[in-house]
Amino acid sequence: MPHPTLNPSAAIDSPQLWSAGPSLLSLALMDARNHTLALLARFEEAEDSGHWRWQPGPGQEPPLWLAGHVGWFAEYWVGRNTRRALGPTCPPDPLRLPSLDPAADRLWDPRWRSPVQRAAEALPQRATVRAWLLNTLEATLELLDRLPEDDASLYFFRLALFHEDLIGERLIRLAQAQGVPLDLPEPPVLAARDPLLIPATRWTLPQRSGGFHPEGEPGQLSVAVPEFEIDAQAVSWAQYIEFVDDGGYDHAEHWQPEGWSWLQGQAGRSAPRHVEHMGVARQGSSGAVLQNRFGRRVRLAAAHPVVHVSWWEADAWCRWAGRRLPDEVEWDLAAHTAARRGWRWGEVHEWTATRLRPWPGAQPGPWSDYAWPLMEQARVQRGHSLASRARLRDPGWRWCGLPHEDDAFVGFRSCAI
């Protein structure tokens, strides 16, 4: 089965979209919508063939709802927003025009229904949702065609693009969780490098100054960073197997109390999510890992990074190994300064030790539903994964997750204590 995307040019699937003007942005919006439709088609094919049936899971919405929500989001913030020209200073509830569909808010606004209710609610027919996606895209592109090239005017168009990319990754995560066939390439197997020593310096976050910021006015953090040692790549399966082999899931001393309580509620869990078999390392062998990937059992190379781990598991491995998770500033500093010394990233999202907090001076943007409700609860993730669009491959992008969440393609790296 082919990769469920088009083959866009490098320009429309690269981080330069953060500062894209109307022409390039319109191409990227079409690419994102085609990506959504292609992913939706994979779910439909699996359902029609009898290989898959929607099974509600914690925090999961039906793929048809996620697709319809994408069209609603763009229309809500672009087509219906009478104050979109204000960009990130737009009020969160401006005067809005009527929708193309009178039922749109009831169907696709997540504030109307809880995830459990959305999972149980009857949705429109597939053809109706596809027509909705095409109509809302056409309306967005018509408005974009007449805009000046300034960041405020383009803010909500860029927001719609990156929101659709995030929903696309959620669809891929959903396919993985529910065993829907997709063909995404595994990262190449590369030789491990020794940890890197990063010199002490002062570092400022975020590094990006112009273009799009997910949360409106981003604020800024400047920190004096002492010298530290950090892994050159994410922790591998070979390294994680040693933790499992040593009884890492059996001994509470490796876990924070909250993490140990989480583990006790996981019905005998002894490996990361989706792992079907993990062979122990014996006589120089790195062991074997069989993990379910999109409904298929896949043998993973020992050098590949660990994936689908919770923050609790990442923290427990570090405690067992006598190391620690990097904080967000350390990860960002290494990503921006150590590439020529062997720093490698982009195979998995990576947990950090940092709780999600706004930068000093930051204020919630008009769309604050992505991260602000999770402030102080979620942990920051950095990096990029096989499920992410290349235009999100920016070392400064802040992903996040609650400590128990393991459905994302997320791993971790470690620092010396």
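Structural data are supplied above this passage.
Novice: Sorry, what's going on with the overall build of the protein chain here?
Specialist: Check the secondary structure of the protein chain and you find ten helices and 13 strands. Expected size for 417 residues packed as a compact globule is a radius of gyration near 22 Å; at 22 Å, the protein chain falls within 12% of this value. Oriented by its inertia axes, the alpha-carbon framework of the protein chain measures out at about 65 × 55 × 40 Å. Sequence-distant contacts, at least 24 apart, represent 76% of the contacts inside the protein chain between residues at least 6 apart. As displayed, the protein chain offers around 18,000 Å² of accessible surface, 52% of which is attributable to carbon and sulfur atoms. Of the charged side chains in the protein chain, 42 are positive and 51 negative; the average position of the first set lies 0 Å away from that of the second.

Novice: Explanation requested: helix α10 (residues 328-337) in the structure shown.
Specialist: Because each turn of an α-helix spans 3.6 residues, side chains separated by three or four positions in sequence point in the same direction. In terms of burial, α10 is largely enclosed, as eight of its ten residues are buried. Residues of α10 that are buried: E328, V329, E330, W331, D332, L333, A334 and A335.

Novice: Explanation requested: the side chain of S388 in the structure shown.
Specialist: With respect to the element layout, S388 can be found in the loop between β10 (379-383) and β11 (399-401). Residue classification places S388 among the buried positions, given a relative accessible area of 9%. Each residue touching S388, except ones within four places of it in the same chain, is listed here: E169, H349 and W399.

Novice: Could you clarify how one ought to interpret the nonpolar core in this entry?
Specialist: One recurring pattern in soluble globular proteins is that nonpolar side chains are buried together. Formed by 103 residues in total, the largest nonpolar core has its most connected members in L25 and F412. For this core, the element with the highest residue contribution is helix α6 (residues 151-178), accounting for 14 residues. If we ignore the near neighbours within four places in the chain, the residues touching L25 are L17, A20, L144, L154, F157, R158 and L161.

Novice: Whenever I open this one, the sheet that holds strand β6 (residues 289-293) confuses me. Can you help?
Specialist: Strand pairing in a sheet is mediated by backbone hydrogen bonds. Such pairs are either parallel or antiparallel. Read across the open sheet, the three strands follow the order β5-β6-β7; overall the sheet is antiparallel. Either end of the sheet is taken by a strand with one partner, and the two such strands are β5 (275-278) and β7 (296-300). Within this sheet the neighbouring strands show an average axis-to-axis angle of 25 degrees, counted without direction.

Novice: What am I meant to see in α6 here?
Specialist: Helix length check: α6, at 28 residues, gives a terminal C-alpha distance of 39 Å against a target of 40 Å (1.5 Å per residue), a fit within 8%. At F157, α6 shows its largest kink, close to 30 degrees. Burial runs high along α6: 23 of the 28 residues are buried. The N-capping residue of α6, defined by a side-chain oxygen 3.3 Å from the backbone nitrogen of A152, is D150. Following α6 by one or two positions, G179 has its phi on the positive side, about 75 degrees.

Novice: Hey, could you run me through the state of the cysteines in this one?
Specialist: Cysteine pairs can be covalently joined through their sulfur atoms, and such a bond is termed a disulfide. Scanning the entire structure with this criterion turns up zero disulfides. No disulfide involves C318; its sulfur sits 8.4 Å from that of C415, the nearest cysteine.

Novice: Got a minute to help me understand the side chain of D406 in this structure?
Specialist: Position of D406 relative to the elements: it lies in the loop between β11 and β12 (410-412). Of note is the side chain of D406, whose polar atom sits 3.0 Å from the side chain of R273. Those residues in contact with D406, other than ones at most four positions away along the chain, are W262, R269, R273, H308, V309 and S310.

Novice: Could you clarify how one ought to interpret unusual backbone geometry in this entry?
Specialist: Excluding glycine, residues mostly carry a negative phi; peptide bonds, for their part, are mostly trans. Here the residue pair L205 and P206 is connected by a cis peptide bond, since its omega of -10 degrees sits within 30 degrees of zero. As for its placement among the helices and strands, P206 is situated in the loop between β2 (201-205) and β3 (221-225). A positive phi angle, near 55 degrees, is found at A267, a position not held by glycine. One non-glycine residue, H308, adopts positive backbone phi at about 65 degrees. Since its relative accessible area comes to 0%, H308 is described here as buried.

Novice: How should the pattern of salt bridges be read in this particular structure?
Specialist: Pairing is possible between side chains that carry opposite charge, provided their charged atoms lie close to one another. Tallied over the entire structure, the rule returns 31 salt bridges. E61 is paired through a salt bridge with R170; the nearest N and O atoms lie 2.4 Å apart. One end of the pair, E61, is in the loop between α1 (22-48) and α2 (63-79); the other, R170, is in helix α6, and 109 residues separate them in sequence. Among the ionic pairs, E376 bridges to R357, the shortest N-O distance being 3.1 Å. You can see E376 sitting in the loop between β9 (349-355) and β10 and its partner R357 sitting in the loop between β9 and β10, a full 19 residues away along the chain. Classification of E376 by relative accessible area gives partly exposed; the value is 42%. Several salt bridges share partner residues, and in doing so they unite D13, D31, D165, R389 and R391 into one network.

Thresholds, definitions, all that
- Residues numbered from 1 in each chain as written.
- Predicted model: local features only at pLDDT ≥ 70, side-chain atom pairs only at ≥ 80, totals over all residues.
- Heavy atoms only, no water.
- Helix = DSSP H or I, 4+ residues; strand = E, 2+ residues; numbered from the N terminus.
- Rg over C-alpha atoms; globule rule 2.2 N^0.38 Å.
- Contact = heavy atoms within 4.5 Å.
- Areas by Shrake-Rupley, 256 points an atom, 1.4 Å probe, with all protein chains shown as cover.
- Lys, Arg positive; Asp, Glu negative; His and termini not counted.
- Charge placed at Lys NZ, Arg CZ, Asp CG, Glu CD.
- Buried < 20%, exposed > 50% of the residue type's maximum accessible area, 1.4 Å probe, protein only.
- Core = buried A, V, L, I, M, F, W, Y, C linked by side-chain atoms within 4.5 Å.
- Pairing = 2+ DSSP bridges.
- Axes fitted to C-alpha atoms, helices over the stretch in contact; angles between N-to-C directions.
- Expected span 1.5 Å × (residues − 1).
- Bend = angle between axes of the 7 residues up to and from the residue.
- Polar contact = N/O pair within 3.5 Å; in protein donor to acceptor, adjacent residues only side chain to side chain.
- Disulfide = S-S within 2.5 Å.
- Salt bridge = Lys/Arg side-chain N within 4 Å of Asp/Glu carboxyl O.

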